[in-house]
Structure formats: C-alpha cells, structure tokens
Amino acid sequence: MHTYSTGDEIYAKVNSLTSIETELPFSYYSLPYCQPPGGIKKSAENLGELIMGDQIDNSPYRFRMNVNESVYICTSPPLSEHDVKLLKQRTRDLYQVNMILDNLPAMRYTNQNGVKIQWTGYPVGYSPLNSNDDYFINHLKFRVLIHEYEGAGVEIIGTGEEGMGVISEADKKKASGYEIVGFEVVPCSVKYDPDKMEKLHIYDNVTSVNCPLDAERSQIIRDKERVSFTYEVEFVKSNIRWPSRWDAYLKMEGARVHWFSILNSLMVILFLAGIVFVIFLRTVRRDLTRYEELDKEAQAQMNEELSGWKLVVGDVFREPSHSKLLCVMVGDGVQITGMAVVTIVFAALGFMSPASRGMLLTGMILLYLFLGIAAGYVGARMWTTIKGSPEGWRSVAWSTACFFPGIVFVILTILNFILWGSNSTGAIPISLYFILLSLWFCISVPLTLVGGHLGTKAEPIQFPVRTNQIPREIPARKYPSWLLVLGAGTLPFGTLFIELFFILSSIWLGRFYYVFGFLLIVLSLLVVVCAEVSVVLTYMHLCVEDWMWWWKAFYASGSVALYVFLYSINYLVFDLQSLSGPVSATLYLGYSLIMAVAIMLSTGTIGFLTSFYFVHYLFSSVKID
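Since the model is a prediction, treat every value here as computed from it, not as a measurement.

Calculation notes
Residues numbered from 1 in each chain as written. Predicted model: local features only at pLDDT ≥ 70, side-chain atom pairs only at ≥ 80, totals over all residues. Heavy atoms only, no water. Helix = DSSP H or I, 4+ residues; strand = E, 2+ residues; numbered from the N terminus. Buried < 20%, exposed > 50% of the residue type's maximum accessible area, 1.4 Å probe, protein only. Contact = heavy atoms within 4.5 Å. Areas by Shrake-Rupley, 256 points an atom, 1.4 Å probe, with all protein chains shown as cover. Pairing = 2+ DSSP bridges. Salt bridge = Lys/Arg side-chain N within 4 Å of Asp/Glu carboxyl O. Axes fitted to C-alpha atoms, helices over the stretch in contact; angles between N-to-C directions. Left-handed = near helix turned anticlockwise from the far one by under 90°. Nonpolar A, V, L, I, M, F, W, Y, C, P; charged D, E, K, R; others polar. Phe/Tyr/Trp six-rings, centres within 6.5 Å; stacked < 30°, edge-to-face > 60°. Expected span 1.5 Å × (residues − 1). Bend = angle between axes of the 7 residues up to and from the residue. Polar contact = N/O pair within 3.5 Å; in protein donor to acceptor, adjacent residues only side chain to side chain. Disulfide = S-S within 2.5 Å. Patch = residues over 30% accessible without salt bridge, like charges linked within 9 Å, V, L, I, M, F, W, Y side chains within 5 Å. Core = buried A, V, L, I, M, F, W, Y, C linked by side-chain atoms within 4.5 Å. Domains from an automatic or database assignment.

**Student:** In this structure, what is going on with the overall build of the protein? I would like to understand it.
**Tutor:** A count of helical and extended segments in the protein gives 16 helices and 16 strands. A total of 625 residues make up the protein; the buried ones form 51% of that total. For the protein, long-range pairs separated by at least 24 residues make up 83% of all intrachain contacts whose partners lie at least 6 apart in sequence. Split by element, the accessible area of the protein, about 30,300 Å² in all, is 61% carbon and sulfur.

If you want it as structure tokens, here you go:
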C-alpha cells in the first residue's frame, strides 16, 4: 500500500501498445511520443511479464498528489513519412496505449448504444467514419480517484512497486495521506499552434481544453506535421478503499450468464457422470458376484463358455505398442496436471492477484520445473511395471524431461521468428531464451532424472494374472474402435467449453480473468469425468474381447484436446473476427496448439492411470487358474 502526502510527485508508467486486431505488442516509444527528461528507463520485469511481451517503461506524465493542473509536455519534430505511415497503421489496427499509475492500469469509459463499456488503455488515434484522414490522440484528461487515509499513533508501512516505505509524522501521534484507488482517462485530439507551444517548457501550465468534436480543431496525422502533447489531471476523493480498488477492473461483462452457464454445465455433467457410474458399477458387480458364487466345478465349466472381459485374462497386461512413448506421455501428463492443480488452487485462494503482473505465468513455469521429479518417478515406475525390469529407465527419464518442453520450444521458436520479423515486443529476447534453456537443463532435467531413479527403486506394480505367450486374436467389429474413442472426448469437453470461452476472451481480448474459484470446480469435475469416461470405454473394449486397451484408455479422455483445438479455431473465425493478417492467425493457432497438447497429455494421463488401476482391480478380483 502506498500513501502519499499532498504535493508528492508520482510518475505514470507505460506498457507495450496492444491490439486485439493483431495480437502483436509494440514498444510505446516506437511511436513519436514525448520522452521523459532523464531518458527512458525500463522497469524490472519478472519472467511472466517478459514472456507475455510486456515492456514497462517510465514516462514524462507527472502527477502531484491532490493538485489539479493542466500541463504541457513537449512538441515533436516534424513527422517523417515513416512516422506518418506507422501512426496510420497503428491507428487503423486499433492499438491501445496502456498506462499505469501506482500499479493501476488506466481505464476509460465509452458509451455504445446507450451501454457504458469500460476499457483498459486509450487508442493511439482514431479514424472518423466516411473520412480517409486519421487523427492522433495528443491530449489526455486524467481523473485520479483518491481515498483519504487517517490513522492515530501508527506508522503507515507502504508496500508498492518500489519496495517498503515508512511514512510517519514527526510526533508519531497522527499519520495521514492519500491512497490512489482509481485511474481514469479521457483521450482527446487537439490541434495546437506548434510555434507558440514550443516556447513553453516541460510541466508549464496551459489552459484547460474541452475535447473538440469537429475534425478541423483535431490533430491530423500527416507529413511534416508537428504535434504538441499536453495533459490535465483532476483528483477526486472517493469512498473506495485500498483493498477494493481492483473491483472495477474485475467486473466481467455478463457475470450472470457466467454463473448460470457454469451451474448448468456442472449439473448436466454430474447427472451424466452419475448415470454412467451407477450403470457401470452394477454391471461389473453383478458379473463378479455371479462368477464368485459358483463352485469350482461350475467355474471350470463356465471358463469353457466364458464371454466378454474374462476371456482376455491372458492378454490384458500384454505390453502395448510404443510402450516407451506411453510412459513418457504419462510422466509429462502428471507434471502438467500437478502444475495446473497447484496454480489454480493458489489463484483461487487469492495468492495471484492481477496487480502482480506476470506472477501467474512465472508461478506456472517454476512449478512445472520442480514437478519434473514427479514426471520422472511416474514415467520410470510405469516403464519398470510394463517391462518387468528397470533396464532403459534413463532413456525414459530423458525423453520425459524433453518431450513436452521440446514441443513447446519448437513452436515458440517458430512464433518468435515471426515476432522478430514484425519488430514486436512480444518476441522473447535471446537472453531470456538462454535463461529458459538453463532453467530447463539445470532444474527440470536433473529433477526428472532423480525422479526416474526413485521410480526404479520403488516396488513395481505386480500384475494379478500371467500373460500368455501367444496373443489372442481380437474379433472383427462392425465399427472402428477409434470412433468410440473420439466420441468419448465430447463428455469432458462439455464440462470445459464454457470456461474455455472466458479464458480465451481474457487472453485474446485483453480482459482480466479472475474467477479461479469456478475454474477449480470445473477442473475437479473434468478430472472426475475424464476418469469415468476412460474407465467405461476400457470396460466396453474388454467386453468385446479387445485387450489392446492401453492407448485407447489414454485417448478416450485425451481426445478432448481435439475438441479444444477445433473450438479455438471456431473462436478465431467467429469471435475474433477483428484479428487481421496471417501473422496474427499463425500466432493464435501456435499458442492454441501448445494449449491443446498440454490438455491432451493432462486429461489422457488422468484417464489412463484410472483405467490402469481399474483393470488391475478387476482382474485381481477374479479367481482364474
């Protein structure tokens, strides 16, 4: 918390320019804006901010606490042809300037069809309808909401971006000041006389202006034009308290729809899952009970007439094809699932506030690195169980450490070359590349190898039945089994798709996502549904004497990723219609592919492990010689 006294100077900061049309962030100072008197200084950024393309710099916008003023900053040199081209392009691509004061983003309100809509940031410029001209935003009207803080006999300790600061009165009896609880902006385009304005110095007072509505008095973007920048600030006392200052940003549009749709989704899924589970439990229990009640002679007779899953008893634990890949994917799935669960639980408990930019992504990366030990353990133990000996576990552990990060690395490198070609701040700097690579090879890989070693030392899971030497022939079926596997993914997708819409909107439309409590409920339901769907499908395959259940169990729940990717394409076509150009579409599809692969590994692992323990339990319950 920062508390300021009257007259204290506070400087606004500027983040990258962003657009929902291109999704390519650019540096604020790539456009001909006024620079701070002491030069541009970058703010310290965390790992998450750098990866997201944030570039927070200082700015010349100075505020004096509780002092209303109208101020001149600078006049630009004549705009060059390159400046004009760039400004027109950024204006037509609807780029927004993102300004921050005391860690609060600037917010503006607009009226559309009588509805008040809030946005973060303000546009670079605007293009009036039925006109080929573009106009530059060069005058800003700021409204800073402040809350008066008073305390008796206390020291106020403020924790802000600059660290700890102790403010106390000399007599220690009374401490008071102002907290910033809101930051609003109204952008204007004003045509000034550059010769007259150039005589002024930075922070000289100028007369307050009303935003002109007619084009003649607005600042046009054209060659050799000199632009003067001014701003005015008004401090308004507010009843909003410090802990509630982010509430205005977190008001999601259509909150009621959000509640009802999620509630509806939960009820449908619980209902379906309940039916599936009850039917399934009754069927298996009846089969087992009937079988165990028979005497030995009748069992021997029944063994000759066996049908369904009991017939594949000698093949059910036969090693699957590509068993190493399966162990690697299950190991990576455990790592991704663990990361998602811990992150969402922490976020739901309020540890990852939107005020801490990039913390969510930083936390996820660090969690993923340290959960390498779990990935190595599960992958190596699975390998030892399937093979019967730990021989070759190092290769499995290495592959587990490199499989998913390798896919992400390849996709990000391709996207990065595209971003570098566009001179976007979204491109990951070479230095950050080396940091990520060193984190990967110095933390994740060694921990995965340690986990793999522990996995080989753990007791391998003993199969309850022996495997025959000659594999049993699988009867021909009317329809291919992959159709059933693909269809199974629709049920987990039903739990996910409404939340997916809100998540995609927060990523691509620049909205804040904060309903982590809901996300935790949806995640819990998704885990239950993935487990049930996979178990039911495995049981159905075993009933038709198909003993090749391993990969089918994985993809029964993992196929939800296909629907997620198709939904992402649907979202791109119908909800992101403003997204322009092949570069933006390639970026979107690249990031969507990473998300789909992560979801496939995570949901597939949940389904596979549940099916594995189900099959183990089912066949250990049957007494077959």
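Now, onward.
**Student:** I would appreciate a short explanation of unusual backbone geometry in the present structure.
**Tutor:** For residues that are not glycine, phi is negative in most cases, and the peptide bond is trans in most cases. Backbone geometry places tyrosine 203, a non-glycine residue, at a positive phi of 70°. Relative to the helices and strands, tyrosine 203 is located in the loop between helix 3 (194-197) and strand 16 (228-237). Judged by relative accessible area, which is 15%, tyrosine 203 ranks as buried. Of note, lysine 224 is a non-glycine position whose phi angle comes to about 65°, a positive value. Given a relative accessible area of 63%, lysine 224 falls into the exposed group.

**Student:** Just to check I follow, could you spell out the sheet that holds strand 6 (residues 104-105) for this structure?
**Tutor:** The pairing of strands in a sheet happens through backbone hydrogen bonds and is either parallel or antiparallel. Spatial ordering of the open sheet is given by 2-1-5-6, a layout of four strands whose pairing is antiparallel. The open sheet has two free edges, formed respectively by strand 2 (57-64) and strand 6, since each of these has just one partner strand.

**Student:** For this particular structure, what's the right way to read the pattern of salt bridges?
**Tutor:** Pairing is possible between side chains that carry opposite charge, provided their charged atoms lie close to one another. A full pass over the atoms with the stated rule returns 14 salt bridges. In this structure, the salt-bridge partner of lysine 237 is glutamate 148, at a minimum N-O distance of 3.4 Å. Taken together, the positions of lysine 237 in strand 16 and glutamate 148 in strand 12 (residues 139-152) put the pair 89 residues apart, joining distant regions of the chain. The exposure class of glutamate 148 is partly exposed, given its relative accessible area of 37%. The salt bridge involving lysine 387 is made with glutamate 319; its shortest N-O contact spans 2.9 Å. Placement of the pair is lysine 387 in helix 8 (residues 372-387) and glutamate 319 in the loop between helix 5 (296-304) and helix 6 (323-348), with a sequence separation of 68 residues. A relative accessible area of 38% places lysine 387 in the partly exposed class. Several salt bridges share partner residues, and in doing so they unite Glu9, Arg62, Arg64 and Glu69 into one network.

**Student:** Would you explain the packing of helix 12 (residues 490-508) against helix 15 (residues 560-574) in this entry?
**Tutor:** The description of two packed helices rests on the angle between their axes and on the distance between the axes. Relative to each other, helix 12 and helix 15 sit at 35°, their axes nearing to 10 Å. For the crossing formed where helix 12 meets helix 15, the hand is right-handed. Touching Thr490, Pro492, Phe493, Leu496, Phe497, Leu500, Phe501, Leu504 and Ser505 of helix 12 are Val560, Tyr563, Val564, Tyr567, Ser568 and Tyr571, all from helix 15. Within the contact of helix 12 with helix 15, the residues separate by chemical class into 12 nonpolar, three polar and no charged.

**Student:** When you look at the packing of aromatic side chains in this model, what are you seeing that I'm missing?
**Tutor:** Two aromatic rings are characterised by how far apart their centres lie and by the angle between their planes. Taken as a whole and judged by the stated rule, the model has 38 aromatic pairs. Taken together, a centroid distance of 5.9 Å and an interplanar angle of 20° make the contact between tryptophan 551 and tyrosine 555 stacked. Of the two residues, tryptophan 551 and tyrosine 555 both sit in helix 14 (residues 550-558), four residues apart, roughly one turn of that helix. Under the relative-accessibility criterion, tryptophan 551 is labelled buried at 18%. Residue classification places tyrosine 555 among the partly exposed residues on the basis of a relative accessible area of 31%. Through a chain of ring-to-ring contacts, three or more aromatic side chains come together here, namely Phe317, Phe463, Trp549, Trp550, Phe608, Phe612, Tyr613 and Phe619.

**Student:** Looking at this structure, how should I read helix 10 (residues 430-457)?
**Tutor:** Residues spaced three or four apart along an α-helix face the same direction, because each turn holds 3.6 residues. In a regular helix each residue adds 1.5 Å, so 28 residues correspond to 40 Å; helix 10 covers 40 Å between its end C-alpha atoms and thus fits that length. At tryptophan 440, helix 10 shows its maximal bend, which comes to roughly 30°. Looking only at helix 10, the buried set comprises Leu432, Tyr433, Leu439, Trp440, Ser444, Val445, Thr448, Gly451, Gly452, Gly455 and Thr456. Elements that come into contact with the buried residues of helix 10 comprise helix 1 (47-52), helix 6, helix 7 (359-370), helix 8 and helix 9 (393-421).

**Student:** Help me understand the pairing of strand 8 (residues 115-120), please; the structure alone is not making it clear to me.
**Tutor:** Regular strands show a simple pattern: their side chains alternate between the two faces of the sheet. Relative to strand 8, strand 7 (residues 107-112) is paired through six bridges, and the arrangement is antiparallel. Bridge pairing in strand 8 places methionine 107 opposite threonine 120. Connecting strand 7 to the antiparallel partner strand 8 that follows it, the hairpin turn spans two residues, and asparagine 113 within it adopts a positive phi of roughly 55°.

**Student:** Would you mind going over the side chain of arginine 226 with me for this structure?
**Tutor:** Turning to its location among the elements, arginine 226 is positioned in the loop between helix 3 and strand 16. Separated by 3.2 Å, the side chains of arginine 226 and aspartate 195 make a polar contact. Discounting residues that sit within four places of it in the chain, arginine 226 has contacts with Thr75, Ser76, Pro77, Pro78, Pro194, Asp195, Glu198 and Gln219.

**Student:** How do you make sense of the state of the cysteines when you look at a structure like this?
**Tutor:** Linking two cysteines covalently via their sulfur atoms produces the bond known as a disulfide. Evaluation of the coordinates by the stated rule reveals two disulfides. Two residues, cysteine 34 and cysteine 74, share a disulfide whose sulfurs are 1.9 Å apart. Linking cysteine 34 and cysteine 74, the disulfide has an S-S dihedral of approximately -90° and is accordingly described as left-handed. Here the residue cysteine 34 occupies a position in the loop between strand 1 (9-14) and helix 1, and cysteine 74 occupies one in strand 3 (residues 69-75), the gap between them amounting to 40 residues. Neither residue differs from the other here; cysteine 34 and cysteine 74 are each classed as buried. Counting only the cysteines that form disulfides, in the order they appear in the protein, gives the pairing 1-2, 3-4.

**Student:** Would you explain the pairing of strand 2 in this entry?
**Tutor:** For strand 2, a buried count of seven out of eight residues is recorded, marking the element as mostly surrounded by other parts of the structure. Taken together, the five bridges between strand 1 and strand 2 define a ladder with antiparallel strand orientation. Pairing of tyrosine 11 across the sheet is with arginine 62, part of strand 2.

**Student:** Help me out: how do you make sense of a nonpolar patch on the surface in this one?
**Tutor:** A grouping of Leu562, Leu566, Ile569, Val573, Phe574 and Leu589 is seen on the molecular surface, where their side chains present a nonpolar patch of about 500 Å² in accessible area. It is helix 15 that contributes the most residues to the nonpolar patch, five residues altogether. Considering the arrangement of structural elements, one finds leucine 589 in helix 16 (residues 582-620). When its relative accessible area of 30% is taken as the criterion, leucine 589 is described as partly exposed.

**Student:** When you look at the nonpolar core in this model, what are you seeing that I'm missing?
**Tutor:** It is characteristic of soluble globular proteins that their nonpolar side chains tend to be buried jointly. Residues Tyr61, Phe63, Met99, Phe142, Phe183 and Phe608 are the most contacted members of the largest nonpolar core, which totals 129 residues. The biggest single contributor to this core is helix 16, with 16 residues. Of the residues that make up this core, three or more belong to each of domain 1 (8-153 + 169-244) and domain 2 (255-468 + 488-621). Leave out the neighbours within four places in its chain, and methionine 99 touches Ala12, Lys13, Val14, Tyr61, Leu104, Pro105, Ala106, Tyr122, Leu140, Phe142 and Phe183.

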